[in-house]
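Summary of the model geometry
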Amino acid sequence: MKSSKLRIAFIHPDLGIGGAERLVVDAALGLQSLGHSVHIYTSHHDQHHCFDETRDGRLCIHHVLPPLPRSIRGMFHVMFAHARQLHLTVHLMCTSAHQYDVFFVDQLSTCIPFLRRFCGKRVVFYCHFPDKLLANGAYEEDQRGQNVSILKRIYRFPMDWLEEVTTTQADLILANSKFTARVTKSHFSSLRHQLKVVYPGINIAAYISPVDLSDPDILQIASRRRTLLSLNRFEMKKNATLAIEAFAILRNKDPNTSDVRLVLAGGYDPRLEDNIRTLRSLIELAQVNGLTYNVITPLQSRVAVPSFPKKTPNEPDILFLLNFTTAQRSGLLQAQSTLALLYTPANEHFGIGPVEGMICGLPILACDSGGPTESIVDQPSDQRTGWLYGPQPSVWAQALEDICNLSETDRKALSQRARDRAQNMFGVEAMAKSLEDVLEQAVSMGPVSRTGMWLVMSAVLGLLAVLIFRYGLFSG
């Protein structure tokens, strides 16, 4: 297989702005750079809420609009996610599936047995993290099913079964970290695969290319104030409250940090109640702590800036930047005034944020659990690329004080170590080569044996049909 180039179809549910989407985009670009043909199939792709590479012609995107809602009255998200992916899969199988050598699936595994049975092609599944462990918010180890109602348990049981049984149908399974691989194996009892870890990689050139300081979007976020930066979607589980609480303690504790500001930048989707509630709660927290704030979007954004009282347009203590552009991301990461990147989620599956910060030479402050413990070096101090602590605001405030007071010599040494580690371990080239090896291995396995899959597919279709009928999808 080494001498031939592959025709690869990616299947991803929602091509918006997030860590999983960043991985898909960079993986596709990396495989293309190795000479392979890559097409991405998705059920949602908003041209005004996506990464630049998915709308400027660098990637071939097939947006198949489903006739199904994302939810009913904010409920049954996962059920409709499965149904929407099946719609996408049927479209693919009826139109162009025959032209691909192998399928690359991530996030949702519903389509796997159908692709293998009806297309006879191998499927590689990339596991970001089991959905069954995220259904009740952020994952906490050794906290199984606590505070979950009986009704939700009944609803989740078939959904969780569906996820596990379809995941096990994949020919090869990848994970984004050792943490994810270990947790997946421990919670999917029927899984016999050995999960291979392929760390997400980033396009290093995109992060270190020069920034146009006259760009209006850059002028919008520029400041002479020292900056603490957080890059994360506006979701409750990302725990950005930790950054605000630690920042407030720092400002009250050390008068020399009165010139420091906090920038919270990330994806914001007004369709999602979680995004709306998260932003509102963060702003309320800023106000409670007596911190001024402003909320902005890029100048060309189609997302309206939510209305909040008492905003401070000029030099606020906290800047909320919704749906930043690639230029704004690079501008913030590269700015000489940026002191550190704060990565607040606990038990994060991998977390691309710390790698983005390290490639730009920033110290990283992150929680001491999950994927960041694999990307960041905390000890020994002469090899440090960042700090790992439990999510206690007072502890983080002390770490921020140490970061703000780093000597120039120590800051430069740490910056170089961070860049070296990111380039050596998390470049898109390394990820693409690993994915190429796995995809070629899958193809070399030969045609798929189509026996033994009817039971799984019948169960999947029957379950979804019953659920859709039960909750009145087609009731008018």
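Everything discussed here concerns the structure shown above.
Notes on the structure follow.

What counts as what
Residues numbered from 1 in each chain as written. Predicted model: local features only at pLDDT ≥ 70, side-chain atom pairs only at ≥ 80, totals over all residues. Heavy atoms only, no water. Helix = DSSP H or I, 4+ residues; strand = E, 2+ residues; numbered from the N terminus. Rg over C-alpha atoms; globule rule 2.2 N^0.38 Å. Buried < 20%, exposed > 50% of the residue type's maximum accessible area, 1.4 Å probe, protein only. Areas by Shrake-Rupley, 256 points an atom, 1.4 Å probe, with all protein chains shown as cover. Core = buried A, V, L, I, M, F, W, Y, C linked by side-chain atoms within 4.5 Å. Contact = heavy atoms within 4.5 Å. Salt bridge = Lys/Arg side-chain N within 4 Å of Asp/Glu carboxyl O. Axes fitted to C-alpha atoms, helices over the stretch in contact; angles between N-to-C directions. Parallel < 35°, antiparallel > 145°, perpendicular 65-115°, else oblique. Left-handed = near helix turned anticlockwise from the far one by under 90°. Nonpolar A, V, L, I, M, F, W, Y, C, P; charged D, E, K, R; others polar. Patch = residues over 30% accessible without salt bridge, like charges linked within 9 Å, V, L, I, M, F, W, Y side chains within 5 Å. Pairing = 2+ DSSP bridges. Right-handed = clockwise from strand over helix to strand, strands pointing away. Phe/Tyr/Trp six-rings, centres within 6.5 Å; stacked < 30°, edge-to-face > 60°. Lys NZ or Arg CZ within 6 Å of the ring centre and 35° of its normal.

This part covers the overall build of the protein. Per the secondary structure count, the protein includes 16 helices and 14 strands. Here the C-alpha radius of gyration of the protein, 23 Å, is about what a compact globule of 476 residues would show, namely 23 Å. Reported as C-alpha extents along the three principal axes, the dimensions of the protein are approximately 70 × 55 × 45 Å. Burial analysis of the protein (476 residues in total) assigns 57% to the buried set. As presented, the protein carries roughly 20,300 Å² of accessible surface, and 54% of it is formed by carbon and sulfur atoms.

This next bit is on the nonpolar core. Core analysis: the biggest nonpolar cluster contains 39 residues, and Leu228, Ile244, Leu262, Ile318 and Phe320 have the highest contact counts within it. Looking at this core, the elements with two or more residues in it are α8 (241-253), β9 (260-266), α9 (273-288), β10 (293-296), β11 (318-322), β12 (338-343), β13 (364-367) and α13 (393-404). With seven residues, the single largest contributor to this core is α8. When near neighbours in sequence (up to four residues on either side) are disregarded, Ile244 contacts Leu262, Leu264, Leu282, Leu285, Ala286, Leu291, Ile318 and Phe320. Core analysis: the next-biggest nonpolar cluster, separate from the first, contains 31 residues, Leu319, Met358, Ile359 and Phe426 among them.

Right, let's talk about the pattern of salt bridges for a bit. Close approach of charged atoms allows side chains of opposite charge to pair. Throughout the structure, instances matching the rule amount to 22 salt bridges. Across the pair Arg225 and Asp317 runs a salt bridge, and its minimum N-O distance is 3.3 Å. One end of the pair, Arg225, is in the loop between α7 (216-221) and β8 (226-231); the other, Asp317, is in the loop between β10 and β11, and 92 residues separate them in sequence. For the residue pair Arg225 and Asp317, the accessibility class agrees, reading buried in each case. Residues joined in a network through salt bridges with shared partners are Asp14, Arg70, Asp269 and Arg271.

Attention now goes to the packing of α8 against α13. Put simply, α8 and α13 touch, their axes get as near as 8 Å, and they point 60 degrees apart. One element, α8, and the other, α13, form an angle in the oblique class. Crossing angle aside, the handedness with which α8 passes α13 is right-handed. Taking contact as the criterion, the partners of Leu242, Glu245, Ala246, Phe247, Ile249, Leu250 and Lys253 in α8 are, on α13, Pro393, Ser394, Trp396, Ala397, Gln398, Leu400, Glu401 and Cys404. Partitioning the contact of α8 with α13 into residue classes produces ten nonpolar, two polar and three charged.

Here we take up the packing of helix α2 (residues 77-95) against helix α3 (residues 112-119). Viewed as axis vectors pointing N to C, α2 and α3 meet at an angle of 20 degrees, and their least axial separation amounts to 10 Å. With respect to their mutual orientation, α2 and α3 come out roughly parallel. In the crossing of α2 with α3, the sense of the turn from one axis to the other is right-handed. When α2 is examined against α3, the residues Leu86, Thr89, Leu92 and Met93 are found in contact with a partner set consisting of Phe114, Leu115, Phe118 and Cys119. Per-class residue counts for the contact of α2 with α3 are seven nonpolar, one polar and no charged.

Residues Ile150, Leu151 and Ile154 make up a contiguous nonpolar surface patch of about 370 Å² in total accessible area. Note that Ile150 resides in helix α4 (residues 150-167). On the basis of relative accessibility, which here comes to 60%, the residue Ile150 falls in the exposed class.

Bringing the sheet that holds strand β1 (residues 7-11) into the picture now. Within a beta sheet, neighbouring strands are joined by backbone hydrogen bonds and run either parallel or antiparallel to one another. Reading across the sheet, the seven strands line up as β3-β2-β1-β4-β5-β6-β7 and stay open at both edges, with parallel pairing between neighbours. Of all strands in the sheet, those with a lone pairing partner are β3 (60-63) and β7 (196-197), marking the two edges. As paired elements, β1 and strand β2 (residues 37-42) share five bridges and run parallel to each other. Of the residues in β2, the one forming a bridge with Phe10 is Ile40.

A word on the pairing of β8. β8 sits mainly inside the fold: five of its six residues count as buried. Where β8 and β9 come together, six bridges link them in parallel fashion. Each bridged residue has a counterpart across the sheet, and for Leu229 the counterpart in β9 is Val263. After leaving β8, the chain enters α8 and then returns to the sheet as β9, a path that is right-handed.

Summed over all chains, the structure comprises ten aromatic pairs. Between Phe104 and Tyr126 the ring centres are 6.2 Å apart and the planes differ by 40 degrees, which places this aromatic pair in the tilted class. Taken as a pair, Phe104 in strand β4 (residues 102-106) and Tyr126 in strand β5 (residues 122-127) lie far apart in primary sequence, 22 residues in all. Here Tyr199 and Phe426 contribute two aromatic rings whose centre-to-centre distance is 5.4 Å and whose plane-to-plane angle is 70 degrees, an arrangement assigned as edge-to-face. You can see Tyr199 sitting in the loop between β7 and α6 (204-208) and its partner Phe426 sitting in the loop between α14 (408-425) and α15 (428-444), a full 227 residues away along the chain. Ring pairing ties together the aromatic residues Phe10, Phe104 and Tyr126, which thus form one cluster. Above the plane of the ring of Phe51 lies Arg22, whose end atom (NZ or CZ) is 4.5 Å from the centre.

This brings us to the environment of Ser96. Along the chain, Ser96 falls in the loop between α2 and β4. With relative accessibility at 10%, the residue Ser96 sits in the buried group. Along the primary structure Ser96 and Thr184 are separated by 88 residues, whereas in three dimensions their C-alpha atoms are 32 Å apart.

This next bit is on the sheet that holds β12. Ordered in space as β10-β11-β9-β8-β12-β13-β14, the seven strands form an open sheet in which the pairing is parallel. Two strands in the sheet have a free side with no partner beyond their single neighbour: β10 and β14 (386-389). Along the sheet, successive strands turn relative to each other by an average axial angle of 20 degrees, direction set aside. The pairing of β10 with β11 spans four bridges and is classified as parallel. Opposite Ile296, over in β11, you have Leu321 as the bridge partner.

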